[in-house]
Amino acid sequence: MQEARLIERSEVLRDVLSGLSRAQKTLPGKYLWDETGSSLFDRICNTQDYYLTRCEGALLRSTVDEIGCLIGSGATIVEFGSGASHKVRILLDALTAPKRYVAIDISREYLEAATLRIAADYPEIEVYPVCADYTKQIGLPIQRGAGPILGFFPGSTIGNFDPAGSIAFLTRARETLGPSWFLVGVDPNPDEQSLLRAYSQADGLMAELHKNLLVHLNRLLGTAFDPGDFRHEARVQHNPFRVEAHLVATKPLTYLVGEVPITFESGESIHTDTSYKYDPSTFQNLASQAVWQPVKCWCDEQNRFCLHLLQSGQESDAQQSDDG
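Just so you know, these numbers come straight off a predicted model, no measurement behind them.

Caption draft 1: How the structure looks around the pairing of strand 7 (residues 230-237). Covered by surrounding structure in strand 7 are Phe 230, His 232, Ala 234 and Val 236 only, the residues Arg 231, Glu 233, Arg 235 and Gln 237 on the alternate face being uncovered. Where strand 7 meets strand 8 (residues 242-249), eight bridges bridge the pair, whose relative direction is antiparallel. Bridging across to strand 8, Gln 237 finds its partner in Arg 242. Here strand 7 hands over to strand 8 after four residues, with Asn 239 in that stretch at a positive phi of 55°.

Caption draft 2: A look at the state of the cysteines. Within this structure, the stated rule accounts for one disulfide. Between Cys 299 and Cys 306 runs a disulfide, and the two sulfur atoms are separated by 2.4 Å. The disulfide joining Cys 299 to Cys 306 has a torsion of about 90° about its S-S bond and is therefore right-handed. A relative accessible area of 35% means that Cys 299 is categorised as partly exposed. The exposure class assigned to Cys 306 is buried, which follows from its relative accessible area of 0%. Residue Cys 131 stays outside any disulfide, its sulfur separated by 20 Å from that of Cys 45, the closest cysteine. Given the relative accessible area of 29%, Cys 131 is considered partly exposed. Cys 297 takes part in no disulfide bond, and the closest cysteine sulfur, belonging to Cys 299, lies 3.7 Å away.

Caption draft 3: Fine view of the pattern of salt bridges. For the structure on display, the rule yields 15 salt bridges. Salt-bridge contacts for Arg 231 lead to Glu 233; the nearest nitrogen and oxygen are separated by 2.6 Å. Exposure remark for Glu 233: the relative accessible area of 23% places this residue in the partly exposed category. Several salt bridges converge on common partners, so that one network encompasses Glu 11, Asp 15, Lys 30, Asp 133 and Lys 136.

Caption draft 4: View of the environment of Asp 273. Mapped onto the elements, Asp 273 comes out in strand 11 (residues 269-276). You can call Asp 273 partly exposed: its relative accessible area is 23%. For the pair formed by Asp 273 and Asn 303, sequence separation is 30 residues and the distance between their alpha carbons is 23 Å. Beyond its immediate chain neighbours, meaning those up to four positions away, Asp 273 contacts Gly 29, Leu 32, Asn 160, His 210, Val 243, Glu 244 and Ala 245.

Caption draft 5: Representation of the packing of aromatic side chains. For the structure shown, the criterion picks out 16 aromatic pairs. When the centroid spacing of 5.7 Å and the interplanar angle of 85° are considered together, the rings of Phe 80 and Phe 169 count as edge-to-face. Note that Phe 80 is positioned in strand 2 (residues 76-80) and Phe 169 in helix 6 (residues 163-177), a separation of 89 residues in sequence. One exposure class covers both Phe 80 and Phe 169, and it is buried. An aromatic cluster is defined as three or more aromatic residues linked by ring pairs; in this entry it consists of Phe 80, Tyr 134, Phe 153, Phe 161, Phe 169, Phe 182 and Trp 292. Looking at Lys 25, its charged tip hangs above the ring of Phe 264, at a distance of 5.0 Å from the centre. Directly above the aromatic system of Tyr 51 lies the positively charged group of Arg 304, at a separation of 5.1 Å from the ring centroid.

Caption draft 6: Here's a closer look at the sheet that holds strand 12 (residues 293-299). Taken in spatial order, the seven strands make up an open sheet running 4-3-2-5-6-13-12, and their pairing is mixed. The open sheet has two free edges, formed respectively by strand 4 (126-131) and strand 12, since each of these has just one partner strand. Direction aside, neighbouring strands of the sheet carry axes that sit 15° apart on average. Here strand 2 pairs with strand 3 (residues 100-105) via five bridges, running parallel. Counted as the bridge partner of Glu 79 is Ala 103 from strand 3. Sitting on the sheet, helix 5 (residues 108-121) touches strand 3 and strand 4, and the angle it makes with strand 4 is about 175°.

Caption draft 7: Broad picture of helix 6. Compared with an ideal rise of 1.5 Å per residue, which puts 15 residues at 21 Å, helix 6 spans 21 Å between its outermost C-alpha atoms and is within 8% of the ideal. Of all the residues in helix 6, the buried ones are Gly 165, Ser 166, Ile 167, Phe 169, Leu 170, Thr 171, Arg 172, Ala 173, Thr 176 and Leu 177. Of the surrounding secondary structure, the elements contacted by the buried residues of helix 6 are strand 2, strand 5 (149-153), strand 6 (180-186), helix 9 (280-289) and strand 13 (306-312). Of the residues one or two after helix 6, Gly 178 is the one with positive phi, at around 75°.

Caption draft 8: Just the sheet that holds strand 11, in detail. Taken in spatial order, the four strands line up as 1-11-8-7 in an open sheet, and their pairing is mixed. Two strands close off the open sheet at either side, each with one partner strand: strand 1 (25-26) and strand 7. With respect to the sheet, helix 8 (residues 205-221) is in contact with strand 7, strand 8 and strand 11, its orientation differing from that of strand 7 by roughly 115°.

Caption draft 9: Up close: the nonpolar core. Judged by nonpolar contacts, the single largest core of 66 residues is most densely connected at Leu 91, Leu 183 and Phe 230. Looking at which element gives the most residues to this core, the answer is helix 3 (residues 51-71), with eight residues. In this structure, Leu 91 is in contact with Leu 60, Val 64, Ile 77, Leu 150, Phe 152 and Leu 183, ignoring residues within four places of it in sequence. Among the nonpolar cores identified, the runner-up in size contains 30 residues, and Tyr 134, Phe 153, Ile 167 and Val 186 belong to it.

What counts and what doesn't
- By convention here, each chain's residues receive numbers from 1 onward along its written sequence.
- Given that this is a predicted model, residues contribute local features only at a pLDDT of at least 70 and side-chain atom pairs are listed and counted only at 80 or more, while totals for whole chains, interfaces and linings are drawn from all residues.
- By convention in this description, side-chain values take in all heavy atoms of the structure and omit both hydrogens and water.
- The rule is simple: take the accessible area with a 1.4 Å probe, protein chains only, and divide by the maximum for that residue type; under 20% is buried, over 50% is exposed, in between is partly exposed.
- Secondary structure elements are defined from DSSP: runs of H or I of at least 4 residues count as helices, runs of E of at least 2 residues count as strands, and each element is numbered from the N terminus.
- Between any two strands, at least two bridges found by DSSP are needed for them to pair.
- When the sulfur atoms of two cysteines come within 2.5 Å, that pair is taken as a disulfide.
- Each salt bridge in this description consists of a side-chain nitrogen of Lys or Arg and a carboxyl oxygen of Asp or Glu lying within 4 Å of one another.
- Residues count as neighbours in contact if any of their non-hydrogen atoms are within 4.5 Å of one another.
- What counts as a ring pair is set by centres within 6.5 Å for rings of Phe, Tyr and Trp (its six-membered ring), and what kind of pair is set by the plane angle: stacked under 30 degrees, edge-to-face over 60, tilted for all other angles.
- Counting as a charge over the ring demands two things of the Lys NZ or Arg CZ atom: a distance within 6 Å of the ring centre and an angle within 35 degrees of the ring normal.
- Only C-alpha atoms enter the line fits that serve as axes; for helices the fit covers just the stretch in contact. Angles between N-to-C directions range over 0 to 180 degrees.
- Multiplying one less than the number of residues by 1.5 Å gives the expected span of a helix.
- For our purposes a nonpolar core is just a set of buried Ala, Val, Leu, Ile, Met, Phe, Trp, Tyr and Cys residues, chained together by side-chain atoms within 4.5 Å.

If you want it as structure tokens, here you go:
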């Protein structure tokens, strides 16, 4: 256990020093997700400004029967970035006799609590928590060939990757899942004002979430970042269209990370997260480059959320043969 903690700390230190040594300082968004960060995000999802959760939930409930008909019975659902496992319940309730739920999340405490609740509420389903970084290759605790596999990546989290990163993630997911289906939530929203409200306001909780990243790093590395030295700011950027989150230094600062001094000028920022906004044709093109076959896309009436169903492997090959 001690060796594992040392390896983890060295990896975090390497990530942080690499990011904070760049001209545009940055920190990996994955370090947002400790137990506190996950809890804050659950609260954000219930705010009026953060439209994504409402739009996705309504769209998922209106399409889940059709999704179930396409997937078939006895499915294994594999959720990437499962968090509190709220949205997967819509699938578990509607699909025909799902057999297994594999929840993948980087926050161990949050993952264990969420999967215990799922196991209690769905005793007929096998539940497997997998604490892992889904940006890396993951081995699944399931046997392939025992029913359909449905990957699930909700919440428009795919937008945290730039186009090249999206292709890389979708490729890794295909290799992880094997022959399977993949249901991916994507935000195509082009309205800048609603995006700024969602990513900068949200009752002030979005600022708490991003400042908690510094608190998380203090715990992991023994650093002394003061969240009060920074203000949170959301910025809409173009080409490609995206929203960036930044922590902006309110005065000149110097912090020691490991044994390396990291300085900030007043107004200098740390880029902490990005949400790319992919319209349906753009996302389907990315999926195709990752050797997924786009099967169907559902969008809500306001064009603020889309669900894409993809397919890979033997089932996809067979369907293409039948269609031909």
